[in-house]
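# Descriptive analysis of the structure
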Amino acid sequence: MADARQRAIIKVFRKFSNSLGPDALELLEGILNHHEIEDVDVDSSLETLAKEYNKQDDATMKVSVNVLKRVYESLQDQGERSQQEKEIIDPENHLFFVDAFEMPRWTWSPERGTFEKSTAPLTSSGTPESRVTSMRDRLNIIRQCVLRNEHFAPSTLPSRDREKLVTLKSTKQLLGRFGERFLLLGMLTYNKEGKLCLEDADGTVELDFTTLDEPGDGLFSEGCFALVEGEYTEEATLEIIAVGQPPCEPRDVARSIYGHIDFLGKGATSLLEDSEFKVRIREELPQLHFFFLSDVWLDHPQTLPGIQKMFDNCIENDFIPRIIVMCGNFTSKSIAHGNGQDVQRYSDNFEALADLIAAYPLITRSTHFVFIPGPLDITVNSTLPRRPLLSTLVGRLKAKVPKIHFGTNPCRIKFFDQEIVIFREDLMARMLRNVVGVKPDVKSEDLKRFLVQSILDQSHLTPLTINIQPVLSDYDHSLRLYPLPTTLVLADKYDSYKVTYTGCHVFNPGSFIGKSLVFSTYTPAEVNSEECILNLDEEE
């Protein structure tokens, strides 16, 4: 029995890349015996201990007995408090607003096959090394998802067709192998001659699309990573047979592997905690809602009356949202190069909004307001991720609204087990301007679905080259969508939509001002959004 227990302990901790000394092995065996853990529950109990151990800052690859004892005592304390916490759950204690510039930087380590936390100080200028690392991280994250996917992993079972199996190769493996078929993963980019190539960590190969009928689903833009299957020719080109987006890995799968990593810097939670939170939100907070507005043009005559109408409906129907997110642009025209009068009017409009919000004390006391800058708004930088709105322009809002947050673009909200990413960018137009391949005769609904698929499959908010979309390389990780978020808000001037893809709910609230007043409500209990349409005279 003891030998079987020891083998089980070693097996579980080895799964987390940990080794065990005799003292640690004896301690773990003692814990299992003390609590009389049945054989069927041994693995799950040990996994809980291993995950909690690896969350500790001073955890080492060889398990430290002192750290392990601390983890065990902490878990015992949690068990004693769990019943009391279950009775008094406060949503405010589980609500965090995550600034893009405060997120810890985790980079991919090919040697360890996992993420490593960067300890180097981050700067807005970045370094040549960080520019290379950010691009390699994108490739490596997608590559490890592809290699784990059942459709691309080679079979371990004997088969007659095993020799014909197409597995993922590198560009360096093409040399001298004319007439053979290959499956490659790399970035679509143009060479100096203006010809489309596929680039990976080992080199590039020119692509020949003459024999391709049509690409797979999605928007294939310059700078995106694609899976390309083709035949290598004597002209040193790859004659394309098929091209598609890399497969998207569900959030639960990624969390089961990297659940011990705190990507947001707000404390990692286990899958067990996530599942408990999910049930409790559904049962105890079914009426909790978030509002999302985009293109809140404060210089438009209908905007403030429209927000007032929205507030009035909230009060009349006792429907006070927990969060109201207002995304830019907060002006209908660019003022970045305007004169002082334009900037003063811009600031005055925020003051008028502050007075309007303060006129509703119930909403002011209860609701968190989040402001996300758009492409035309005044911020310190125009490169992604963008800094918040200039504090000198929003002084009255800060003074009159107690629960106010000026977020970066993008910004994230962590609510219990949910991660909500908010990104304000005219992404549809930018992607279509730089598309290198898309299925012919696509309709508007197809474009919306293709955009969502492309962004999530690429695990990045802007799958474009840096000459098209400049990015602060030290903070590129803040644009990463891995693990997949629970919800993604793609605030865009394009038509509103909602799509759920690979378990991630994606929606665009659309422009607030138009033929009618349009915004979206999000219900965390259902992980779903609904479009709301208001008229200044009556509710539709």
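Residues numbered from 1 in each chain as written. Predicted model: local features only at pLDDT ≥ 70, side-chain atom pairs only at ≥ 80, totals over all residues. Heavy atoms only, no water.

Two side chains bearing opposite charge may form a pair once their charged atoms approach each other closely. A complete count under the given rule lists 24 salt bridges for this structure. Its salt-bridge partner being Glu419, residue Arg412 comes within 2.6 Å of it at the nearest N-O pair. Residues Arg412 and Glu419 agree in their burial class; the two are buried. A salt bridge links Lys498 to Glu530, with the nearest nitrogen and oxygen atoms 3.4 Å apart. Here Glu530 lies in strand β22 (residues 528-534) and Lys498 lies in strand β19 (residues 497-501), a separation of 32 residues in the sequence. Using a relative accessible area of 45% as the deciding quantity, one classes Glu530 as partly exposed. Look at the salt bridges and you will find they share partners, linking Asp295, Arg424, Asp426 and Lys493 into a network. (Salt bridge = Lys/Arg side-chain N within 4 Å of Asp/Glu carboxyl O. Buried < 20%, exposed > 50% of the residue type's maximum accessible area, 1.4 Å probe, protein only. Helix = DSSP H or I, 4+ residues; strand = E, 2+ residues; numbered from the N terminus.)

With that settled, consider the side chain of Lys448. By the secondary structure assignment, Lys448 is in helix α13 (residues 444-457). Here Lys448 is in contact with Met428, Tyr494, Asp495, Ser496 and Tyr497, once residues within four sequence places are set aside. (Contact = heavy atoms within 4.5 Å.)

Right, let's get into the sheet that holds β22. If you trace the 6 strands from one edge of the open sheet to the other, you get β14-β13-β12-β11-β21-β22, paired in mixed fashion. A strand with exactly one partner marks an edge of an open sheet, and here the two such strands are β14 (404-406) and β22. Direction aside, neighbouring strands of the sheet carry axes that sit 20 degrees apart on average. Relative to β14, strand β13 (residues 368-372) runs parallel, the two sharing 3 bridges. Across the sheet, the residue bridging to Val370 is His405, located in β14. (Pairing = 2+ DSSP bridges. Axes fitted to C-alpha atoms, helices over the stretch in contact; angles between N-to-C directions.)

Let us look at the layout of surface pockets. Considering only enclosed or pocket space, the second largest pocket measures out at about 940 Å³ in volume. If you go around the second largest pocket, you meet 31 residues; those closest to its centre are Asn54, Arg112, Phe115, His260 and Ile261. Those elements that provide at least two residues to the lining of the second largest pocket are α3 (42-55), β3 (114-117) and α6 (251-258). Grouping the constituent residues of the lining of the second largest pocket by class yields 10 nonpolar, 11 polar and 10 charged. (1 Å grid on protein atoms, 1.4 Å probe; cavity = no way out; pocket = protein on both sides within 12 Å on 5 of 7 lines; lining within 4 Å. Points joined across faces, edges and corners; volume = space filled by probe spheres on them. Nonpolar A, V, L, I, M, F, W, Y, C, P; charged D, E, K, R; others polar.)

For the rest of this paragraph, the subject is the nonpolar core. Core analysis: the largest hydrophobic core is formed by 35 residues, its most contacted members being Phe311, Phe369, Phe371 and Leu397. Leave out the neighbours within four places in its chain, and Phe371 touches Met326, Phe330, Leu353, Leu389, Leu397, Ile404, His405, Phe406 and Gly407. (Core = buried A, V, L, I, M, F, W, Y, C linked by side-chain atoms within 4.5 Å.)

The next subject is the packing of helix α8 (residues 303-316) against helix α9 (residues 340-358). One can describe the packing of α8 onto α9 by two numbers: an axis separation of 11 Å at closest approach and a directional angle of 20 degrees. What the angle tells us is that α8 and α9 run roughly parallel. Considering only the axes of α8 and α9, their crossing is right-handed. Contact residues: α8 offers Leu304, Ile307, Gln308 and Phe311, while α9 offers Ala352, Leu353, Leu356 and Ile357. Residues of the contact of α8 with α9, tallied by class, amount to 7 nonpolar, 1 polar and no charged. (Parallel < 35°, antiparallel > 145°, perpendicular 65-115°, else oblique. Left-handed = near helix turned anticlockwise from the far one by under 90°.)

All right, on to the packing of aromatic side chains then. Considering all chains together, one arrives at 23 aromatic pairs under this definition. A centroid spacing of 5.6 Å and a plane angle of 15 degrees characterise the contact between Phe178 and Tyr232, whose relative ring orientation is stacked. Separated by 54 residues along the polypeptide, Phe178 in the loop between β4 (168-169) and β5 (181-190) and Tyr232 in strand β9 (residues 225-232) bring together distant segments of the chain. Of the residues examined, Phe178 reaches a relative accessible area of 43% and is grouped as partly exposed. Accessibility expressed as a relative area gives 7% for Tyr232, which makes it buried. Note on Phe507 and Tyr522: the rings are 6.3 Å apart at their centroids and 15 degrees apart in plane angle, and the pair reads as stacked. Taken together, the residues span a long stretch of sequence, with Phe507 in strand β20 (residues 504-508) and Tyr522 in strand β21 (residues 517-523) at a distance of 15 residues. Grouping residues by exposure puts Phe507 and Tyr522 together as buried. Among the aromatic residues, those joined into a ring-pair cluster are Phe277, Phe290, Phe292, Phe415, Phe416, Phe507 and Tyr522. (Phe/Tyr/Trp six-rings, centres within 6.5 Å; stacked < 30°, edge-to-face > 60°.)

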